[in-house]
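Coordinate inspection notes
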Amino acid sequence: MSYPFLKGHGTENDFVVLPDADGTVHGDLSEERVRALCDRRSGIGGDGVLRAVREGDGWFMDYRNADGSVSEMCGNGIRVFARYLHEREGEAFPMNIRTRAGVKVLDRSGEEFTADMGRPEVLGETEVSVMGRSWPALHVSMGNPHAVAYVDNLAEPGPLLEPPEHDDSIYPEGVNVEFVVRRGERHVAMRVHERGSGETRSCGTGACAVAVATALADDAPRGTTYRVDVPGGTLHVVWTEDDRVLMTGPALLVAEGVTDL
Ligand SMILES: N[C@@H](CCC[C@H](N)C(=O)O)C(=O)O
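As annotated in an unreviewed UniProt entry, the chain carries the name Diaminopimelate epimerase and is attributed to Nocardioides cavernae. UniProt's Function (unreviewed entry) comment on the chain is quoted here verbatim: "Catalyzes the stereoinversion of LL-2,6-diaminopimelate (L,L-DAP) to meso-diaminopimelate (meso-DAP), a precursor of L-lysine and an essential component of the bacterial peptidoglycan." According to UniProt, the comment filed for the chain under the heading Sequence similarities (unreviewed entry) is "Belongs to the diaminopimelate epimerase family."

Let us now look at the domain arrangement of the chain. What the domain assignment lists for the chain is domain 1 (3–118 + 250–259) and domain 2 (121–243). Each of domain 1 and domain 2 has a C-alpha centre, and the two are 23 Å apart. With 22 residues of domain 1 at the interface, the matching set in domain 2 holds 22 residues. Taken over both partners, the interface formed by domain 1 and domain 2 buries close to 1400 Å², and the fraction arising from carbon and sulfur atoms is 45%. The largest contributions to the domain 1 side of the interface with domain 2 come from Thr-11, Glu-12 and Met-117, which together make up 33% of the buried area. Where domain 1 packs against domain 2, one counts two salt bridges. Residues Arg-201 and Glu-12 are paired through a salt bridge, measuring 2.9 Å at the closest nitrogen-oxygen approach. Applying the counting rule to domain 1 against domain 2 returns 14 residue pairs in polar contact (both at pLDDT 80 or more). Within the residue set of the side of domain 1 that touches domain 2, elements represented by two or more residues are strand 4 (58–65) and helix 2 (75–89). Counted by class, the side of domain 1 that touches domain 2 contains eight nonpolar, nine polar and five charged residues.

About the thresholds
- In this numbering scheme, every chain counts its residues from 1 along its sequence in written order.
- Totals for whole chains, interfaces and linings use every residue, but because this is a predicted model, local features are given only for residues with pLDDT of at least 70 and side-chain atom pairs only at 80 or more, for both listing and counting.
- Remark: hydrogens and water are excluded; side-chain values derive from all non-hydrogen atoms of the structure.
- UniProt positions are given in the numbering used here, feature names are shortened, and annotations may be inferred rather than shown by experiment.
- All domain edges in this entry derive from an automatic or database-based domain assignment.
- Throughout, a contact is declared for two residues whenever any of their heavy atoms are within 4.5 Å.
- Two parts placed together each lose some accessible area under a 1.4 Å probe, and adding up what both lose gives the buried area.
- What makes a salt bridge here is a side-chain nitrogen of Lys or Arg within 4 Å of a carboxyl oxygen of Asp or Glu, nothing more.
- Polar contacts here mean pairs of N or O atoms no more than 3.5 Å apart (in protein, one a potential hydrogen donor and the other a potential acceptor; neighbouring residues in sequence count only if both atoms are side-chain atoms).
- Secondary structure follows DSSP: runs of H or I at least 4 residues long count as helices, runs of E at least 2 residues long count as strands, and numbering of each begins at the N terminus.
- When residue character is reported, Ala, Val, Leu, Ile, Met, Phe, Trp, Tyr, Cys and Pro are called nonpolar, Asp, Glu, Lys and Arg charged, and the others, Gly included, polar.

If you want it as structure tokens, here you go:
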């Protein structure tokens, strides 16, 4: 079966977009097909797949990690998804997008896209480990699970070839782990190991979790904007007075074609 795809990224967190308005192209998208599409040697390559399905008068973002697993939410992906809906499906900004973590509102200013990621949940202290070395971490949910750990320098955890060890009773479905350093006032940098995708160049929900954890550590007033540098670029995140997290960053569509993977 041949079907259309697009390729896009946000701060180099890259995705294969699958148009599937009426759900008939992919129906039940298999893990095998997601893995084949995301394979960087034999496929198109990506950290995940964004399947665009029409639902009522709107759209549902069916997000899958590169290993085929499902996640509730993807912050970089939803900006790419919004750009796709605007440029290829004629949707206007601001737009509502349904996800497994609820409806998100997307808006655009020039080449920057802002996602209202909703209310964060701060769920307590935990610990993560890599190669026998451990760090305290804060458990933050952005709809999907995160552990935010501060390190002295970003090289400290070494190569993140395997998922960092974590408390399975806290994260029964696995966790996205962010390692963070401070760069200046209201400015941090992070690396991430993503559940289901490995170490990636960026994670939007991860940047939101990091901004929330850092705002709490700084006792910063709500409405303070944090700059979050990731290996693939920069995101800006603000935790508002009415308890919503707004994330702003780029979103690009870089290719399209037809595949039978
Ligand atoms: N890259 C994403 C997060 C994708 C989902 C994550 N790997 C998970 O399993 O929760 C982002 O930009 O937020």
